[in-house]
Amino acid sequence: PVPALEFVSDPSSFSSFDSVVFVSSNFEAKGLPFSDFINSARKVDARIGKDVSFLFTETAAGSRLILSPTGSLTSDTADVRQIGEASKAGILRARSSGSINPLLVVDNLSFPKNDSDYSRAIEVTLIFALSSLYQGLQSREHLGEEKTEPIKKIGIHVTDGSTVTQTTLTQVRSIELGRRLGRDVGGADPERMTAHNCADYIEKSFADSVIKVQTTKDVEVIKKEYPLLAAVARGSEHVPRHHPAIVRLEYQGQGPISRTLLFSGKGVTYDTGGNDIKTGGIMPGMSRDKLGAASIAGFFKVLSELKPPHLRAIAELGFVRNSCGSNAYVADEVLLSHAGVRVIIGNTDAGTLQSYFVMRGSIGAC
């Protein structure tokens, strides 16, 4: 589902692509690919260089030439994201035209020279392009990936002859794989991504990888080992499909370990506010209260792809639904944590308090 990335050194080697997306801040410059054709087109279309433009020319791959301007990159407010946004807009226009193998041609001669803010411009270009093509998990499952994400490959060519290494392409694609996992888990609705479904999806994502995954779904074990998270889960305890789950992820790189990273992730699959219920129409979007845990899972996906040496990483992700009801925890309760510390409840909808409850036990477990 994530398109392959390919560096193209020879601008005439367009045979395996079916569109050209040209990203530049100045389409008037001489000596650029298609410059004669672009200058001719400018005579009849004053928007070229200001908006995304689609041009038909048999000299471009697939006869599709898409011009995507960045705007000025030398103003006080300009930054590298403009290049990424231009890449995104161009790739989306290519997709809407029916292209499935677009080639990004990036004119980095127009980047500000000796400006460190633009040192990763090519990576930003590709990250924005890949990110723009993502479609939600449930859309892909319902409509099929062939229909929702048709693009198979993205090529990259830089006009000044610079080489984009395979290492760079691998890193960018690995980042997108991680972002994709995080968005799948974090963005799906509260029934598609219940706590148990989150755990199952993450476990499946790391099958046959270097990441060690351990899940805990037994309610009695969670009550004993993660009592604060279990308190949040009380309101949904009578609904088996809403029971909580703990996911432990471990990565160990090759060689002597010189650095260890510990993570604890909040994965509230739906936050009604509990018995301090959210009112006034502010509940929509609360299925994304699991994005903290989802983002950490995504980071471990990147680790599984890049396999950095000398690094150890451990994460515990707490997935739970904060529901209201007769058995839900309430303000004024005094709870006992795994560490033996008593905690008094002030508000069941306090984000900081929920984070503490969901994450506190997992921090101790790391």
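Every value quoted in this text rests on a predicted model; they were computed, and no experiment measured them.

A.B. asks: Just checking my understanding: could you explain the overall build of the protein chain for this structure?
C.D. replies: A tally of helices and strands in the protein chain yields 11 helices and 12 strands. With the C-alpha coordinates of the protein chain rotated into their principal frame, the extents come out at 75 × 55 × 40 Å. Across the protein chain, contacts joining residues at least 24 apart in sequence account for 74% of those joining residues at least 6 apart. Counting only carbon and sulfur atoms, one obtains 50% of the accessible surface of the protein chain, whose full area is about 16,900 Å². Positive and negative side-chain charges of the protein chain, numbering 40 and 40 respectively, have mean locations separated by a distance of 1 Å.

A.B. asks: Mind showing me how you'd approach helix H1 (residues 35–42) here?
C.D. replies: Every α-helix carries 3.6 residues per turn, so stepping three or four residues along brings you back to the same face. Along H1, the residues that are buried comprise Ser-35, Ile-38 and Ala-41. End-on, the buried residues of H1 take up no more than an arc of 125°, which puts them together on one face. If you follow the buried residues of H1, they end up packed against strand S2 (19–24), strand S3 (53–56) and strand S4 (64–69).

A.B. asks: Is there a simple way to think about the sheet that holds strand S7 (residues 212–216) in this case?
C.D. replies: To summarise the sheet geometry, strands pair through backbone hydrogen bonds and adopt either a parallel or an antiparallel arrangement. In space, the four strands of this open sheet follow the order S7-S8-S10-S9, with mixed pairing throughout. The sheet is open, and its two edges are formed by S7 and strand S9 (259–271), each paired on a single side. For this sheet the average axis-to-axis angle between neighbouring strands, irrespective of direction, equals 15°. Pairing geometry for S9 and strand S10 (residues 311–322), over 12 bridges, is parallel. Across the sheet, the residue bridging to Arg-259 is Leu-311, located in S10. Contacting S7, strand S8 (245–252), S9 and S10, helix H7 (residues 195–205) crosses the sheet at an angle of about 20° to S8. Packing against the sheet, helix H10 (residues 291–306) makes contact with S8, S9 and S10, and its axis sits at approximately 140° to S9.

A.B. asks: Honestly, the pattern of salt bridges in this entry has me stumped. Any pointers?
C.D. replies: Once their charged atoms are close, side chains differing in charge can pair, the charge on each being opposite to the other. In the structure shown here, the tally under the stated rule is 22 salt bridges. Glu-145 is the salt-bridge partner of Arg-140, the closest N and O atoms lying 3.3 Å from each other. Note on Arg-140: relative accessible area 6%, which makes it buried. Relative accessible area serves as the criterion here: at 37%, Glu-145 is assigned to the partly exposed category. Each member of the salt-bridge network shares a partner with another, and the members are Arg-140, Glu-145 and Asp-184.

Thresholds, definitions, all that
- Residues numbered from 1 in each chain as written.
- Predicted model: local features only at pLDDT ≥ 70, side-chain atom pairs only at ≥ 80, totals over all residues.
- Heavy atoms only, no water.
- Helix = DSSP H or I, 4+ residues; strand = E, 2+ residues; numbered from the N terminus.
- Contact = heavy atoms within 4.5 Å.
- Areas by Shrake-Rupley, 256 points an atom, 1.4 Å probe, with all protein chains shown as cover.
- Lys, Arg positive; Asp, Glu negative; His and termini not counted.
- Charge placed at Lys NZ, Arg CZ, Asp CG, Glu CD.
- Buried < 20%, exposed > 50% of the residue type's maximum accessible area, 1.4 Å probe, protein only.
- Arc of directions from axis to C-beta.
- Pairing = 2+ DSSP bridges.
- Axes fitted to C-alpha atoms, helices over the stretch in contact; angles between N-to-C directions.
- Salt bridge = Lys/Arg side-chain N within 4 Å of Asp/Glu carboxyl O.

Any link to function would need more than the numbers given here.
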